[in-house]
Amino acid sequence: MIFVLLLFILTALGFVIQDFIPAIEWAWHARIFAVPVIFFACAISLPFSVMLLFAFATGFAWDALNHVAIVYPDVVHAALEVDAVPPGSGGAFGFSIFLYALLGSLMHGIRPLFRRGRWELPVLMTGAGTFLLLTLEYLFVNFRRAGFSFPVEVWHHIAATAVLSMIVAPFVFFLIDRLAKLSGYSIRYEGLAYRRWSTS
Amino acid sequence: MRRFNLIALAAFIGALVWVFTFDSAATRNIQNRVSSIFAPFKRTGAGVQDAVTGANEEKRTPDELRALNEKLSIENAELKIYRDEARKFHAEVNRLNALLKFDQRTELALIPAKIIVRKTSAWYRGATIDKGSRHGVQDGSPIILPTGPEGRASLVGRVARAGDNESEILFITDELCKVAGQVEGTNERGILEGVRVSTARRPELRLRFLAKDAAVQKSRRVYSWDDTNRFPPGLMLGTVVDFRPGDASSEAIVEPAVNLDELPYVFVMEQKVEEKPASPPAAPPR
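Below you will find a few notes about this structure. All of these numbers come straight from a predicted model, not from anything done at the bench.

Analysis parameters
- Residues numbered from 1 in each chain as written.
- Chains lettered and ligands numbered in written order.
- Predicted model: local features only at pLDDT ≥ 70, side-chain atom pairs only at ≥ 80, totals over all residues.
- Heavy atoms only, no water.
- Helix = DSSP H or I, 4+ residues; strand = E, 2+ residues; numbered from the N terminus.
- Buried < 20%, exposed > 50% of the residue type's maximum accessible area, 1.4 Å probe, protein only.
- Contact = heavy atoms within 4.5 Å.
- Salt bridge = Lys/Arg side-chain N within 4 Å of Asp/Glu carboxyl O.
- Expected span 1.5 Å × (residues − 1).
- Arc of directions from axis to C-beta.
- Axes fitted to C-alpha atoms, helices over the stretch in contact; angles between N-to-C directions.
- Left-handed = near helix turned anticlockwise from the far one by under 90°.
- Nonpolar A, V, L, I, M, F, W, Y, C, P; charged D, E, K, R; others polar.
- Phe/Tyr/Trp six-rings, centres within 6.5 Å; stacked < 30°, edge-to-face > 60°.
- Lys NZ or Arg CZ within 6 Å of the ring centre and 35° of its normal.
- Buried area = accessible area lost by both parts, 1.4 Å probe.
- Parallel < 35°, antiparallel > 145°, perpendicular 65-115°, else oblique.
- Pairing = 2+ DSSP bridges.

Some points on the overall build of chain B
When helices and strands are counted, chain B shows three helices and 12 strands. Across the 286 residues that make up chain B, the buried fraction comes to 44%. Pairs at least 24 residues apart make up 59% of the contacts formed inside chain B by residues separated by at least 6 positions.

Observations concerning unusual backbone geometry
A positive phi angle is found at A:Trp28, which is not glycine, with a value near 55°. Structurally, the position occupied by A:Trp28 is in the loop between α1 (2–18) and α2 (34–45). Its relative accessible area of 37% is what places A:Trp28 among the partly exposed residues. Even without being glycine, B:Ser219 reaches a positive phi, approximately 65°. Among the secondary structure elements, B:Ser219 is positioned in the loop between β8 (205–210) and β9 (221–224). When its relative accessible area of 56% is taken as the criterion, B:Ser219 is described as exposed.

Overview of the pattern of salt bridges
Residue and element names in this part refer to chain B. Applying the stated criterion to the full structure yields 15 salt bridges over all chains. Ionic pairing is found between glutamate 166 and arginine 43, a salt bridge with its closest N-O pair at 2.6 Å. Taken together, the residues span a long stretch of sequence, with glutamate 166 in the loop between β4 (152–162) and β5 (167–171) and arginine 43 in helix α2 (residues 24–53) at a distance of 123 residues. Here the salt bridges share partners, and the residues they tie into one network are Lys178, Glu193, Arg206, Arg208, Asp242, Arg244 and Glu251.

Brief notes about helix α1 (residues 3–20) of chain B
Taking 1.5 Å per residue, 18 residues should reach 26 Å; α1(B) reaches 26 Å between its end C-alpha atoms and fits that length. All of the buried residues along α1(B) are B:Asn5, B:Ala8, B:Phe12, B:Leu16 and B:Val19. Looking down the long axis of α1(B), one finds its buried residues gathered within 75° of arc, a one-sided arrangement. Exposed and oriented more than 90 degrees from the buried face of α1(B) are B:Arg3, B:Ile7 and B:Trp18. Buried residues along α1(B) sit against α3 (48–66) and α5 (95–108) of chain A.

Comments concerning the environment of A:Pro122
Along the chain, A:Pro122 turns up in helix α7 (residues 120–144). Spatially, the C-alpha atoms of A:Pro122 and A:Met166 are 9.2 Å apart, while their sequence positions differ by 44 residues.

Structural notes on the packing of α1(A) against helix α8 (residues 152–182) of chain A
Residues and elements named next belong to chain A. One way to put it is that α1 packs onto α8 with a least axis distance of 9 Å and a crossing angle of 145°. Regarding α1 and α8, the two cross each other, and that crossing is right-handed. Every residue of α8 that contacts α1 at Phe3, Leu6, Leu7 and Leu10 is listed here: Leu175, Ile176, Leu179 and Ala180. Looking at the contact of α1 with α8 residue by residue, the classes come out as eight nonpolar, no polar and no charged.

Structural notes on the packing of aromatic side chains
One pass over the full model with this rule turns up 18 aromatic pairs over all chains. Ring geometry for A:Phe15 versus A:Trp62: centroids 6.2 Å apart, planes at 50°, classification tilted. Pair noted here: A:Phe15 is in helix α1 and A:Trp62 is in helix α3, with a separation of 47 residues, a long-range link. Of the two residues, A:Phe15 and A:Trp62, both sit in the buried class. A ring pair is formed by A:Phe56 and B:Phe12, whose centres lie 6.4 Å apart and whose planes are at 85°; its orientation type is edge-to-face. Here B:Phe12 lies in helix α1 and A:Phe56 lies in helix α3, a pairing that spans two chains. Among the residues examined, A:Phe56 registers a relative accessible area of 18% and is labelled buried. Residue B:Phe12 is classed as buried on the basis of its relative accessible area of 9%. Aromatic ring contacts, followed pair by pair, group A:Phe56, A:Phe60, A:Phe93, B:Phe12, B:Trp18 and B:Phe22 into a single cluster. Directly above the ring of A:Tyr72 sits B:Arg158, whose terminal nitrogen or CZ lies 3.8 Å from the centroid.

Let's talk about the interface of chain A and chain B
Tallying the contact residues gives 59 residues for chain A and 61 residues for chain B. Between chain A and chain B, a total of about 5300 Å² is buried, with carbon and sulfur atoms accounting for 66% of that surface. The three residues of chain A that bury the most area against chain B are A:Phe20, A:Tyr72 and A:Arg145, which together make up 14% of that side's buried surface. At the surface where chain A touches chain B, the tally comes to two salt bridges.

Looking at the packing of α1(A) against α2(A)
Residue and element names in this part refer to chain A. One can describe the packing of α1 onto α2 by two numbers: an axis separation of 8 Å at closest approach and a directional angle of 165°. Put simply, α1 runs roughly antiparallel to α2. By crossing handedness, the relation of α1 to α2 is classed as left-handed. The residues of α2 that touch α1, namely those facing Phe3, Leu7, Leu10, Thr11, Gly14, Phe15, Ile17 and Gln18, are Ala34, Val35, Pro36, Ile38, Cys42 and Ser45. For the contact of α1 with α2, the per-class residue count stands at 10 nonpolar, four polar and no charged.

Topic: the pairing of β9(B)
All names here are of chain B. Sheet topology places strand β6 (residues 179–183) next to β9; three bridges connect them, and they run antiparallel. Bridge pairing in β9 places glutamine 182 opposite tyrosine 223. Relative to strand β10 (residues 236–244), β9 runs antiparallel, the two being bridged by three bridges. Across the sheet, the residue bridging to valine 222 is glycine 238, located in β10.

Spelled out as C-alpha cells, the structure:
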C-alpha cells in the first residue's frame with residue numbers, strides 16, 4: 001500500500017517536471033518523456049489490477065493536462081465563407097487511458113524478468129512502449145483531423161524520443177527498486193504460472 | 001487470468017466507457033480542476049527554473065539598463081497609441097452597431113500575461129499563461145505582441161482553454177490554432193493554420209482555401225479578417241514566402257510575424273460582448 005502511494009507521488013512528480021524538460025533541438029526536438037517512462041516502470045512492478053488503476057489515473061491526468069479540443073466559431077464562419085469544410089475539435093478525451101492500459105499490459109508481461117533483476121528487456125520495452133505510444137497518438141491525431149500525413153521528421157522525432165526514454169529508464173527502474181525495498185514491497189509475478197501435472 | 005484481475009479489467013473498461021461519454025463542458029470542467037491542482041507546483045517549478053537559469057537575475061550594466069528603459073518607453077508609447085486606436089475603432093464599431101440596431105456592444109482591453117511554461121505534448125504547440133477567466137481571459141481570445149519597427153499588433157496564438165487563474169494557449173504555428181486571414185491589398189481570403197509536425201525552429205504557416213485562380217505575390221503581409229464581430233480584424237499574422245496554386249483551391253506559405261522562441265510576456269486581447277436586454281423589464285406590480 002505504501003509502495004503504491006509512493007508510486008502515485010512519483011507519477012504526480014513526473015507530471016510536474018515533464019513540462020520543464022527541454023526539447024533537444026539537434027535530436028529532432030525530442031525530449032525525455034518522464035510520465036510514460038515512470039508509468040512503464042510502475043506497470044512492470046505492480047499487480048495487473050493496480051496497473052489498470054495506474055493506467056486510468058495516468059491517462060486521465062495526461063488528457064486533463066494536455067488534451068486540446070476547441071473549435072473557434074469565427075473560423076467555422078470563415079470556413080463556410082471560403083467554401084472550406086469547418087474544422088473539427090481535434091481530440092477525444094480518454095484516449096490516453098486506453099493507450100496507457102494497452103502498453104501497460106505489454107510491459108506487465110515481462111514482469112518476471114524485472115523481478116529477477118534483469119533490466120535489459122524492460123529497458124528495451126520502455127523504448128518500444130514510448131515509440132508505440134507516440135505512434136498511436138500520432139495516428140489518432142491524423143484520424144481526428146481527417147487527413148493522414150507522415151513526413152519523415154515524425155519518425156525521427158518519435159525514434160529519438162524512444163531512445164531518450166530508454167536512456168533514462170534504468171534510473172527510474174533503480175528508483176522504483178529502491179522504493180520497493182524502502183517500503184518492504186516484494187515484486188511478485190501473478191500472471192502465467194506453469195504447473196507440473198502429476199502423472200500418478 | 002485470476003478472477004480478481006478479470007473483475008478489475010471489467011471495471012476498467014466500464015470506467016473508460018464512462019470517460020468517453022463526457023461532453024465538452026464536463027471535459028473542460030475536469031481539465032480546469034486537474035490544472036488547478038497542478039498549477040501551484042508548476043508555478044513553483046517555473047520559479048525554480050527562473051532561479052536556476054538566472055532569468056530573473058539582473059546582470060545588466062547601467063548603460064544597458066538605460067538603453068532598455070528607452071526601448072521600453074518607446075514600446076510603451078506605441079502601445080498607448082495602439083490602445084487609443086483600438087478604442088477609436090471600437091467606438092466606431094459600437095456606433096455602427098447602434099445604427100444597425102445591433103443589440104450588443106464590444107469593448108477591447110489588453111491583459112498582460114506571463115508564459116509560465118511551454119507545453120511538452122509532442123503534437124501540440126502551446127503554453128500556459130498566468131492569467132485566466134478571473135482576469136478576463138476567454139476561450140478563443142487572441143494573444144498578441146507588438147512586432148516590427150512600427151510595433152504592429154501581431155498574433156502569437158489563441159486561448160484554447162481559459163481556467164480560473166491560468167489559461168492554455170495554442171501558438172499560431174499549431175494546426176488547431178486557425179485564423180481567418182486576408183492578404184494585404186487583395187480580396188484573397190483563406191484559413192491560416194500551422195503544420196501538423198515540424199522540427200523547424202520557426203515553423204511556417206499555410207493560408208489555405210484561397211480561390212483557385214488567386215494570384216498572391218511573395219512578401220505580401222497577411223492580416224486577420226472577420227466580419228462576425230468575434231475576432232479583431234487587422235492583426236498581423238505573417239508574410240507570404242511562397243504561393244502554390246491548386247486544382248480546387250490555392251495556398252500560400254506564410255512566415256509567422258512573431259518569433260515564438262523568445263516569449264516571456266504576451267498580451268491577451270479581452271473581448272467583452274455585452275448583450276443588451278431587448279426591452280426594459282416591466283416594473284413589478286405593487
